Amino acid sequence: MPETFQDKVAIIQFPGVNCEYETARAVRMVGLEAELFRWNEDPHMLDHCSAVILPGGFSYQDRIRAGVVAAKDKIMGKVSELAREGRPVLGICNGAQVLVESGLIPGIHWERVDLALAPNIMADREGYYCTWIYLRCEESGCVWTRAFRTGEVVPMPIAHAEGRFAITDRDVLGEMEKQGQIALRYCTPAGEIDERFPVNPNGSVSNIAGVCNAEGNVLAMMPHPERATWLRQVPEDLGGPWGGKRTSSSGDRNGLEAEGPGMMFFSSLAAKEVDE
Amino acid sequence: MVTGTIPIVARDDGEIKKTLSENGFNLTVTEARRVAELLGRDPTVVEITIFNTMWSEHCSYKSSRKTLGEMLPTKAPNVVLGPGEDAGIIRFAEAEDGDWYCLVIAHESHNHPSQLLPYEGAATGIGGIVRDVYCMGADVVGVLDPLRFGDPAGQKGRQSIAIARGVVEGIAGYGNPLGVPNLGGDIVFDAGYDENCLVNVVAVGIVKESRILRSRVPDDAAHKPYKIILVGKPTDDSGFGGAAFASEDLASEEEANRGAVQVPDPFLKRVLAEANKRVFELAERQGSAIGFKDLGAGGISCATSEMAHAGGFGVTIHLDRVNLAVGQYPPAVVSCSETQERYALAVPLEMVDDVLQIYNEDFDLPHIYHGAGAVVIGDVLEEPVYRIESGDRVVCEAPIDVITTGISYDRARKPRRGRFEEPELDASRSLHDDFLSVISSPNIASKNYVFKRYDSEVQGRAVLRPGEADAGVIAPLEGRDVGLAFSVDGNPFYGIIDPYQGGALAVCEAARNVAAVGAVPSTITDCLNYGNPEIEEVFWEFSEGVRGIGDACRGIGLISHEGNPLPVVSGNVSFYNQGESGKAIPPSPIIACVGVAEDFSRCRSIQWKDEGDAVYYIGEPLDELGGSEYYRVIYGTLGANVPEADFIREKNQIKTVIEMHSNGWVRACHDTSQGGLLTALAEMAIGGRGSGRLGLKVDLEEFAGTGLEPEKILFSETGGFIVELPAGIERDVLALCARNRVKLYKLGTLTGRSKLEVLLKGERLAHWPIDELRDVFMDGCRGIFGLEKKN
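Just so it is clear, the structure is predicted and the values come from calculations on it, not from any experiment.

Chemist: Requested: an account of the pairing of strand β26 (residues 763-769) of chain B, with residues and values cited.
Modeler: Residue and element names in this part refer to chain B. In the sheet, strand β25 (residues 755-760) pairs with β26 via six bridges, with the strands oriented antiparallel. Paired with E757 across the two strands is H767, which belongs to β26. A loop of two residues connects β25 with β26, the two strands running antiparallel in sequence, and K761 in this loop sits at a positive phi of about 50°.

Chemist: Any details on the pattern of salt bridges? Residues and values, ideally.
Modeler: Here the structure, examined in full by the defined rule, presents 77 salt bridges over all chains. For R196 of chain A, the salt bridge identified is with D194 of chain A, shortest N-O distance 3.0 Å. Residues D186 of chain B and R148 of chain B are paired through a salt bridge, measuring 3.0 Å at the closest nitrogen-oxygen approach. Taken together, the residues D186 of chain B in strand β5 (residues 182-189) and R148 of chain B in strand β4 (residues 139-149) connect sequence positions 38 residues apart.

Chemist: Quick rundown of the sheet that holds strand β12 (residues 385-390) of chain B? Include the residues and the values.
Modeler: Residue and element names in this part refer to chain B. Within the open sheet, the seven strands sit side by side as β8-β10-β7-β11-β9-β12-β13. Their pairing is mixed. Each end of this open sheet is capped by a strand with a single partner; those strands are β8 (291-294) and β13 (393-399). Neighbour to neighbour, the strand axes of the sheet diverge by 20° on average, direction disregarded. Bridge count for strand β9 (residues 314-318) against β12 is four bridges, and the pairing is parallel. Within β12, the position partnered with H318 by the bridge is E389. Of the strands in this sheet, β7 (226-232), β8, β10 (342-348) and β11 (373-381) are in contact with helix α14 (residues 352-362), which crosses β11 at around 155°.

Chemist: Hey, could you go over the packing of helix α3 (residues 45-54) of chain B against helix α12 (residues 299-311) of chain B for me, with residue numbers and the actual values?
Modeler: Residue and element names in this part refer to chain B. In contact at an axis separation of 10 Å, α3 and α12 are set at 80° when each is read in the N-to-C sense. Comparing their axes, α12 and α3 come out roughly perpendicular. Taking contact as the criterion, the partners of I50, T53 and M54 in α3 are, on α12, S301, C302, S305 and E306. Broken down by class, the residue content of the contact of α3 with α12 amounts to three nonpolar, three polar and one charged.

Chemist: Can you break down the packing of helix α7 (residues 118-134) of chain B against helix α8 (residues 157-178) of chain B residue by residue, with the values?
Modeler: Residues and elements named next belong to chain B. Remark: α7 packs on α8, axes separated minimally by 7 Å, with the N-to-C direction vectors making an angle of 40°. Viewed along their axes, α7 and α8 adopt a mutual orientation that is oblique. Judged by the sense of rotation from one axis to the other, the crossing of α7 with α8 is right-handed. Between α7 and α8, the contacting residues are P118, Y119, A122, A123, I126, G127, V130 and Y134 on the first element and I163, G166, V167, E169, G170, I171, G173, Y174, G175 and L178 on the second. When grouped by side-chain class, the residues that make up the contact of α7 with α8 number 12 nonpolar, five polar and one charged.

Chemist: An account of the packing of aromatic side chains is requested, with residue identities and associated values reported.
Modeler: How two aromatic rings sit relative to each other is given by the distance of their centres and the angle of their planes. Residue and element names in this part refer to chain B. The final tally for this structure, using the stated rule, is 24 aromatic pairs over all chains. Ring centres of F92 and Y101 lie 6.5 Å apart, and the angle between their planes is 35°; on these two criteria the pair is classed as tilted. Ring plane angle 45° and centroid distance 6.5 Å describe the contact between F539 and F575, whose orientation is recorded as tilted. Residue F539 is located in helix α21 (residues 536-556), and its partner F575 is located in the loop between β18 (568-574) and β19 (588-597); the two are separated by 36 residues in the primary sequence.

Chemist: Describe the interface of chain B and chain A, and please don't skip the residues or the numbers.
Modeler: With 57 residues of chain B in contact, the opposing surface of chain A contributes 49 residues. Here R25 of chain A makes a salt bridge to E478 of chain B, at a shortest N to O gap of 3.5 Å. In this assembly, chain B and chain A are joined by 34 residue pairs in polar contact (both at pLDDT 80 or more). Among the elements of the structure, α8, α11 (266-286), α14, α18 (448-451) and β14 (462-464) of chain B are those that each provide at least two residues to the side of chain B that touches chain A. For the side of chain B that touches chain A, the element with the most residues is α11 of chain B, which contributes six residues. Here the side of chain B that touches chain A is built from residues that sort into 15 nonpolar, 14 polar and 28 charged.

Chemist: Quick one: what's the story with α14 of chain B, residue by residue and with numbers?
Modeler: Residues and elements named next belong to chain B. Listing the buried residues of α14 in full gives V352, V355, L356, I358, Y359 and N360. Taken down its axis, α14 places every buried residue within 160° of arc, on the same side. α14 presents D353 and E361 as exposed residues on the side facing more than 90 degrees away from its buried surface. As for α14, its buried residues are in contact with β7, α11, β8, β10, α15 (365-368) and β11. Immediately downstream of α14, the backbone of D364 shows phi near 50°, a positive value.

Chemist: So what's going on with the sheet that holds strand β15 (residues 472-474) of chain B? Which residues, and what values?
Modeler: Residue and element names in this part refer to chain B. The six strands lie next to each other as β14-β15-β16-β19-β17-β18, forming an open sheet whose pairing is mixed. Two strands in the sheet have a free side with no partner beyond their single neighbour: β14 and β18. On average, each strand axis in the sheet is tilted by 20° relative to the strand beside it, whichever way the strands run. Note: strand β16 (residues 483-489) against β19, seven bridges, orientation antiparallel. Residue pairing across strands places L484 opposite V596, the latter belonging to β19. Across the sheet, α21 touches β17 (520-529), β18 and β19, and the angle it forms with β17 is around 175°.

Chemist: Which residues make up the nonpolar core, and what values go with them?
Modeler: Residues F14 of chain A together with F149, Y359, M660 and F785 of chain B are the most contacted members of the largest nonpolar core, which totals 239 residues. The greatest single-element share of this core, amounting to 11 residues, is contributed by helix α20 (residues 499-516) of chain B. Not counting the four nearest positions on each side in its chain, M660 of chain B is found in contact with I618, W665, V666, V723, L725, V733, L736 and C737 of chain B. Judged by nonpolar contacts, the second largest core, of 51 residues, contains L319, I377, I400 and I407 of chain B.

Chemist: Just give me the short version of helix α6 (residues 240-248) of chain A, but keep the residues and values in it.
Modeler: Here α6 of chain A has its buried residues at W242, G243, R246 and T247 of chain A. End-on, the buried residues of α6 of chain A take up no more than an arc of 135°, which puts them together on one face. In α6 of chain A, the exposed positions angled more than 90 degrees off the buried face are occupied by P241 and S248 of chain A. Buried residues along α6 of chain A sit against β7 (153-160) and α7 (253-256) of chain A together with β14 of chain B.

What counts, and at which threshold
Residues numbered from 1 in each chain as written. Chains lettered and ligands numbered in written order. Predicted model: local features only at pLDDT ≥ 70, side-chain atom pairs only at ≥ 80, totals over all residues. Heavy atoms only, no water. Pairing = 2+ DSSP bridges. Helix = DSSP H or I, 4+ residues; strand = E, 2+ residues; numbered from the N terminus. Salt bridge = Lys/Arg side-chain N within 4 Å of Asp/Glu carboxyl O. Axes fitted to C-alpha atoms, helices over the stretch in contact; angles between N-to-C directions. Contact = heavy atoms within 4.5 Å. Parallel < 35°, antiparallel > 145°, perpendicular 65-115°, else oblique. Nonpolar A, V, L, I, M, F, W, Y, C, P; charged D, E, K, R; others polar. Left-handed = near helix turned anticlockwise from the far one by under 90°. Phe/Tyr/Trp six-rings, centres within 6.5 Å; stacked < 30°, edge-to-face > 60°. Polar contact = N/O pair within 3.5 Å; in protein donor to acceptor, adjacent residues only side chain to side chain. Buried < 20%, exposed > 50% of the residue type's maximum accessible area, 1.4 Å probe, protein only. Arc of directions from axis to C-beta. Core = buried A, V, L, I, M, F, W, Y, C linked by side-chain atoms within 4.5 Å.

As structure tokens, then:
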């Protein structure tokens, strides 16, 4: 039934991903339809989908390296084709690792792997790290961040062991900057770029938290917007404007159902759909 | 006819003993004779292996069953399923369609495996406990992990730290890939755990009452053919004898026992969870009854015999059909190994092909994991017989009620007489410095180095995360107000002095912790960790602990259904927790409590919120510093005056705090327990994320009536609560407390001056800038779980 995904956002369920359900909930929250696509179903079912999301998790058990096995999966051929046609594609956390490993991000050289998501480097600990950080939305043509103002600062949770954007070719980094591909950077609550831990929670080069392709339709991001879609998901003690909003809405059940900072990634997609 | 028997019937005791020990069986001679008597002949190797597992302490509860049955309340109006199956179940919210949303909870220990192989032991602990919840048909929505490790600064400090780090890695290494959030836990370090750490694990899940699956062959098998399907990881010899191993002392044969630790695989578990859901949906669509059970202790033999027995049927298992890992294994290994990530299903014949298709083709198990898959391994029989065939040989055959026969012992008990004395307080000591020592001690200091290793956000339901409040809180149902709160507790130091109080206070504190976020304590589970029950003093400690738990459950009661006890719906007993020296661990009953909050938006973190708010203390400090952190850290002694559980006081306080939440008054709430009043105040000032800024000035003159020295007021571990309430409602607050007959002290008003000050009659005893407290508190466990700071 190739029409199954007609005008729907397809959420790719590789074996081992684990954020597919909350990602679908977040997409539905902005009024779009979302459906899970099991990795080994017929790729043609995605021909008419409206967008593709690669959710977080541990696809194929992070065998060899996070994201690398899924990047070689048959379905990624279809995702690459859709991306080239301009269909919006979002990779969150493990999904970002898949996009990097498949060469779709940064996509400067055709399907060449120019970036890596390497093990975190942190000042006083190692390994997996789950916390809330601040993101600054940078000047870019990314369709997934259209709902943000340039320079807008938002809190967001991260949870990964291998999230450090690393690059060996400085020219590629220069190119990414020139083409406005660095869509998201880790920053202080005031929006300053401080390269030290914990502001930069994993040692990413240039504080990079999210990279889009030059065309702006594909975004790979390590933070989890689907875990910050509703105000109730923001920690009470976070501080700053979002923490304050959360705390002042405590006891107000409806107030807590208001949108959280992560919602804007999904409403960016909804806005794009309206535009077209 | 069965073949390959072990000679018992015609042998004398000495010969039997030799045979048993040579073959690595833990059965006693008397138990082996009982096996032969039940069967009416010599047992086969497979049969005696099954009994060796089923009659282990871990599976049979042979020493504890009687005590548990006599002392613990298990029935209440909210209980759907009490102890006895893999998990307990309570109702917590009525569904729109008249069905009920239920909470499923299971609680186990994985102590011995974790001591030997910390990563694998802890990881398979999580793996096993989530399977117990999945197999009821539930979605697993969280795990919690109470941990006890050796003294990091003691004789075996390096080993204790390595074990602690390995265990935390293992929990992270399983829970994170599985996509189940960590909702909380606690850690206690003490030399009493140097040779035997405790890794307890709790898993919780959600299921609608009508969708609960049972671990039994359905009644429909009486009139249509049913098959047994085995699904998951290929069977190997890992974990062979695991349950029996868990029921031995941790003696020197460590190397030999490593093979008894199972091998974890969260990836396969995650894919299986998705595939299982499709199978359950299919069964529901077709209106077919199925049975579903996880494979744990005793592997294929225990799971399939229990499923058949529970349904009143028999079963034949064909070992040749079992998908094996590389290698050849004898029938006893295939029947009883504890290979992880496997389930058994009883499904009607007409559904078999569709089920195999879901596992083997849709989710492609054989290709995503070498050797994994679903296969039909058995037939359900009307005749109640349990039979295992290997090739053309019958390696086990007996009436099924013989195979599942229980065993029980009456253990003797004798009070342990310890000498405990109160220390002489030294008035010349610096309160300022002593308090910094207390809050930087690893038992009190922030566990952020641990919590941040765990994914506490996945599934998107988190409301209050580990460390932020006394209980972890989730919003389990989309669009609904209901919240669920979880806490695990058990202070071993109280139990050393008085094992009854150890049990009772663990329940009180767990209940208090869920009440602190405004949730009604609705059920508990207990994991009872003790030494060798054959030692009379140890069994006395155990039975005293259970008596304390039972009394506390009846004393606090089920506040939502007045007149009923707080029910115990699940639990676990772990005996033989002792090392080479033969010294048992401190009595360690650990309680998990589930609270139901009518509106999760009123569940608040411990951190102080607003300048000008009033801070009250609900309770009264008594001269109860026995087992306190203050005595241990400052005076190096346990003391003697352990807190005495006063259930009426606890219940009244809990009701008061819940009412304050319902009234919408509470801005922050924290219980006073480990570390006492001053520690609780500091923790509220700092906050779980270390972002607190507000200060407070407390004058101890308020407490003049208690006649206690300042140190005792500040560090007594008598239970109580501290609440932050808005100013201007004092009259209502006093009236509520009077009505509920609880004592209330006003401690002061929150100020923007970022400082905690303690005064006596206007004179300053000590003061600490919040930043100073924050630094030592947040950093206290870095030496154990973190790295040297660089930057």
